Amino acid sequence: MISEYTFQIKSKGVTMTALLAKATALALVQHPVVNSSCRDGKSFTYNSHINIAVAVAIDGGLITPVLQDADKIDIYSLSRKLKNLVDKARAKQLHPNEYSTATFTMFNLRMFGVDRFDAILPPGTGAIMAVGASQPTLVGTKDGRIGLKTQMQVNVTADHRVIYGADFLDSSHH
């Protein structure tokens with residue numbers, strides 16, 4: 001069912017990066033501690049907005065344009081906004097508020113064929129997610145057989161002053 005939905009919206013120009021950003025934003029609504037940050041080194045802040053930064057390669061480096069309020073924007077508008085931000089980033093025309101207001105960062109290297117990596121946490125954010133390329137993988141099926149599924153590796157690096165590993169496993173204390 002998810003793959004049918006993905007095909008339907010991808011056929012309308014929605015990118016996988018936009019899908020991942022939207023899914024991440026919706027997960028952060030459910031787990032606000034992962035969207036928090038420790039900016040002063042002592043106390044942490046629950047961010048009132050979910051602003052997803054998406055790493056973009058540009059000449060001479062990397063920049064992270066921000067999809068502001070990504071949880072509140074529909075997937076089609078989010079995808080268009082991401083394309084616009086990427087174009088502006090590559091033309092070096094981003095305004096400071098378009099790259100400095102992130103509450104969570106997503107680094108997607110799937111298009112380069114990188115299947116797994118760890119991302120370095122940017123200062124001022126609580127977590128960053130590293131998304132690798134999807135690959136066919138042998139898995140056990142519900143009926144006890146072996147099947148082939150397409151899977152991707154996703155790693156999260158978190159500031160443990162704010163976010164504990166258990167925050168990713170158990171949401172009962174939120």
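None of these values were measured; they are calculated from a predicted model.

> Let's hear about the sheet that holds strand β1 (residues 52–54): which residues, and what values?
Judged by pairing direction, the sheet is mixed, and its five strands sit side by side in the order β4-β1-β5-β6-β7 without closing on themselves. A single partner strand is all that each edge strand has here, and the edge strands are β4 (66–67) and β7 (146–158). The pairing of β1 with β4 spans two bridges and is antiparallel. What sits directly across from Ile-52, in β4, is Leu-67. Helix α2 (residues 16–30) rests against β1, β4, β5 (104–108), β6 (127–140) and β7 of the sheet, and its axis sits at about 150° to β5.

> Explain the nonpolar core to me, and be specific about the residues and the numbers.
One finds Val-34, Ile-52, Leu-67, Phe-104 and Met-106 to be the most contacted residues of the largest nonpolar core, which totals 31 residues. Within the residue set of this core, elements represented by two or more residues are α2, β1, α3 (75–90), β5 and β6. Excluding its chain neighbours within four sequence positions, the residues that come into contact with Phe-104 are Thr-24, Leu-28, Val-34, Asn-35, Asn-51, Ile-52, Ala-53, Thr-125, Ala-127, Ile-128 and Met-129.

> Please give an account of the pattern of salt bridges that cites residues and values.
Evaluation of the coordinates by the stated rule reveals four salt bridges. Note that Asp-87 is salt-bridged to Lys-83, the shortest N-O span being 3.0 Å. Of this pair, Asp-87 and Lys-83 both sit in helix α3, four residues apart, roughly one helical turn. Assessed through its relative accessible area of 53%, Lys-83 is described here as exposed. Here Glu-98 ties to Lys-88 by a salt bridge, and the two come within 2.8 Å at their closest N and O atoms. With Glu-98 in the loop between α3 and β5 and Lys-88 in helix α3, this pair connects stretches of sequence that are 10 residues apart.

> Residue-level account of the pairing of β7, with values.
Here β6 runs beside β7; their pairing, made up of 12 bridges, is antiparallel. Across the sheet, residue Val-139 finds its bridge partner in β7, namely Gly-147. Remark: five residues form the turn of the hairpin made by β6 and β7, two consecutive strands paired antiparallel; Gly-144 in that turn has positive phi of roughly 85°.

> I'd like a description of α3, backed by residues and values.
Taking 1.5 Å per residue as the helical rise, α3 with its 16 residues ought to reach 22 Å, and the 22 Å between its terminal C-alpha atoms agrees with that figure. All of the buried residues in α3 are Ile-75, Leu-78, Ser-79, Leu-82, Leu-85, Val-86, Lys-88 and Ala-89. Between a side-chain oxygen at the N-terminus of α3 and the backbone nitrogen of Tyr-76 the separation is 3.0 Å; the capping residue is Asp-74. Of the residues one or two after α3, Lys-92 is the one with positive phi, at around 55°.

> Can you lay out the side chain of Asn-47 for me, pointing to particular residues and giving the numbers?
In this fold, Asn-47 is placed in the loop between α2 and β1. From its side chain, Asn-47 meets the backbone oxygen of Asn-35 in a polar contact 2.4 Å long.

> Before we move on, can you summarise the packing of α2 against α3 with the specific residues and values?
For the pair α2 and α3, the least separation of the axes is 9 Å and the interaxial angle reads 120°. In this view, α2 runs oblique relative to α3, as classed from their interaxial angle. Note that α2 runs across α3; the crossing there is right-handed. For the pair α2 and α3, the contacting residues are Thr-17, Ala-18, Leu-19, Ala-21 and Lys-22 in the first and Ile-75, Leu-78, Ser-79 and Leu-82 in the second. Residues of the contact of α2 with α3, tallied by class, amount to six nonpolar, two polar and one charged.

> Report on the pairing of β6, specifying residues and quantitative values.
Moving residue by residue along a regular strand, the side chains alternate between the two faces of the sheet. Note that β5 and β6 share four bridges and pair parallel. Following the sheet pairing, Met-106 is matched in β6 by Met-129.

> Any chance you could break down the packing of aromatic side chains for me, citing the residues and the numbers?
Evaluation of the coordinates by the stated rule reveals two aromatic pairs. Seen in terms of ring centroids, Phe-44 and Tyr-46 are 5.4 Å apart; in terms of plane orientation they differ by 70°. Their pairing is edge-to-face. The exposure class of Tyr-46 is partly exposed, given its relative accessible area of 49%. Summarising the aromatic geometry, the rings of Phe-107 and Phe-117 are spaced 5.5 Å apart at their centres and angled 80° between planes, so their arrangement reads as edge-to-face.

Rules of the game
Residues numbered from 1 in each chain as written. Predicted model: local features only at pLDDT ≥ 70, side-chain atom pairs only at ≥ 80, totals over all residues. Heavy atoms only, no water. Pairing = 2+ DSSP bridges. Helix = DSSP H or I, 4+ residues; strand = E, 2+ residues; numbered from the N terminus. Contact = heavy atoms within 4.5 Å. Axes fitted to C-alpha atoms, helices over the stretch in contact; angles between N-to-C directions. Core = buried A, V, L, I, M, F, W, Y, C linked by side-chain atoms within 4.5 Å. Buried < 20%, exposed > 50% of the residue type's maximum accessible area, 1.4 Å probe, protein only. Salt bridge = Lys/Arg side-chain N within 4 Å of Asp/Glu carboxyl O. Expected span 1.5 Å × (residues − 1). Polar contact = N/O pair within 3.5 Å; in protein donor to acceptor, adjacent residues only side chain to side chain. Parallel < 35°, antiparallel > 145°, perpendicular 65-115°, else oblique. Left-handed = near helix turned anticlockwise from the far one by under 90°. Nonpolar A, V, L, I, M, F, W, Y, C, P; charged D, E, K, R; others polar. Phe/Tyr/Trp six-rings, centres within 6.5 Å; stacked < 30°, edge-to-face > 60°.

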